[in-house]
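Secondary and tertiary structure notes
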Amino acid sequence: MRWWDIDAVLELEKDLFPEDAWSRGMFWSELAHSRGPDATRRYVVAEGPERLVGYAGLASAGDLADIQTIAVARDHWGTGLGGRLLTELLHAATDFECAEVMLECRVDNVRAQKLYERFGFEAIGFRRGYYQPGNVDALVMRLNTKSDSGSAAGSPSVQGSEIND
């Protein structure tokens, strides 16, 4: 993801997460930490033939990575694009030498939970009222990347979408 992707990312963000959409400033801040030798973030976008159709981001600190966001345009749900984006983030966690990857997922987002479970994430707890202003709880999930689960290796391929960082 680059600064020129932010307008398209915000459009998708507001469509998918209307109550708790990230602001332009939040994306700028994340991108500020994604370049150079001291980078601690990795953000990627998926481009379809005519528009941006997905994006994802990861933050690292020491040996811990945190998936910040994954979003796929509604008309691309069920195509495997979410899996490709997640695979990119897990590769980034490996590049950052992270032993664990954490994430929060809305308790009512069963589609996302199933994706994460397919990749080997396990539920480890809840964060009450994490998503505001809707006061929706988050399911906290963790993946130990040092295990030899091979979960990222078997992710499906998606035609028609190109992932760029």
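It should be noted that the structure appears before, not after, this text.
The paragraphs below set out a description of the structure included in this document. In this text, all values refer to a predicted model and were calculated from it rather than measured experimentally.

Structural notes on the pairing of strand β5 (residues 122-131)
- Across six bridges, β5 lies against strand β6 (residues 136-144) in antiparallel orientation. Bridged to tyrosine 131 within β6 is valine 136.
- From the end of β5 to the start of β6, which pair antiparallel, there are four residues, and asparagine 135 there has a positive phi angle of about 60°.

Observations concerning the pattern of salt bridges
- Under the defined criterion, the tally for this structure stands at ten salt bridges.
- Close ionic contact of aspartate 15 with arginine 74 constitutes a salt bridge, the shortest N to O distance being 3.3 Å. On the criterion of sequence distance, the pair formed by aspartate 15 in helix α1 (residues 6-16) and arginine 74 in the loop between β3 (64-72) and α3 (81-95) is long-range, its members being 59 residues apart.
- A relative accessible area of 43% places arginine 74 in the partly exposed class.
- With a shortest N-O distance of 2.9 Å, arginine 128 and aspartate 137 are connected by a salt bridge.

Some words on the packing of aromatic side chains
- For the structure shown, the criterion picks out five aromatic pairs.
- Summarising the aromatic geometry, the rings of tryptophan 3 and tryptophan 4 are spaced 5.5 Å apart at their centres and angled 80° between planes, so their arrangement reads as edge-to-face. Accessibility classification places tryptophan 3 together with tryptophan 4 in one group, the exposed group.
- Taking 4.9 Å as the distance between ring centres and 45° as the angle between the ring planes, the aromatic pair formed by tryptophan 22 and phenylalanine 27 counts as tilted.

Description of helix α4 (residues 110-118)
- Of the residues making up α4, those classed as buried are Ala112, Gln113, Leu115 and Tyr116. Buried residues of α4, viewed axially, fall in a sector of 160°; they line one side. Turned more than 90 degrees away from the buried face of α4, the exposed residues are Arg111 and Arg118.
- Looking at the packing, one finds that the buried side of α4 touches β3, α3, β4 (100-106) and β6.

Some thoughts on the environment of phenylalanine 27
- On the secondary structure map, phenylalanine 27 appears in helix α2 (residues 24-32).
- Excluding residues that lie within four positions of it along the chain, phenylalanine 27 makes contacts with Met1, Ile6, Val9, Leu10, Glu13, Trp22 and Tyr55.

Details of the pairing of β6
- Here seven bridges tie β4 to β6, and the two strands are oriented antiparallel to one another. Each bridged residue has a counterpart across the sheet, and for methionine 102 the counterpart in β6 is arginine 142.

Digging into α2
- Phe27, Glu30 and Leu31 are the residues of α2 that are buried. For α2, the angular spread of the buried residues around the axis is 100°, confining them to a single face.

Details of unusual backbone geometry
- That bond from glutamine 132 to proline 133 is cis: its omega, 15°, falls within 30 degrees of zero.
- One can find proline 133 in the loop between β5 and β6.
- The residue glutamate 97 is not glycine, and still its phi comes out positive at about 60°.
- Mapped onto the secondary structure, glutamate 97 falls in the loop between α3 and β4.
- We classify glutamate 97 as exposed; its relative accessible area is 61%.
- One non-glycine residue with positive phi stands out, namely asparagine 135, at about 60°.
- Looking at the secondary structure, you find asparagine 135 in the loop between β5 and β6.
- In this structure asparagine 135 comes out as exposed when scored by relative accessible area, which is 53%.

Conventions we followed
Just so you know, the residues in each chain are numbered from 1, in the order the chain's sequence is written. Owing to the predicted nature of the model, reporting of local features is limited to residues with pLDDT of at least 70; listing and counting of side-chain atom pairs is limited to 80 or more, with chain, interface and lining totals taken over all residues. For the side-chain quantities, the full set of heavy atoms in the structure was used; hydrogens and water were omitted. Whether two strands pair comes down to DSSP finding at least two bridges between them. Secondary structure counts use DSSP, requiring at least four H or I residues in a row for a helix and at least two E residues in a row for a strand, with both numbered from the N terminus. When a carboxyl oxygen of Asp or Glu lies within 4 Å of a side-chain nitrogen of Lys or Arg, that pair is called a salt bridge. Only protein chains enter the accessibility calculation, which uses a 1.4 Å probe; a residue whose area is less than 20% of its type maximum is buried, one above 50% is exposed, and one in between is partly exposed. Pairing of aromatic side chains requires ring centres within 6.5 Å, counting the rings of Phe and Tyr and the six-membered ring of Trp. Pairs whose planes differ by under 30 degrees are stacked, by over 60 edge-to-face, and all others tilted. As used here, the arc is the angular range of directions from the helix axis to the C-beta atoms. By definition in these notes, contact holds between two residues if any of their heavy atoms fall within 4.5 Å.

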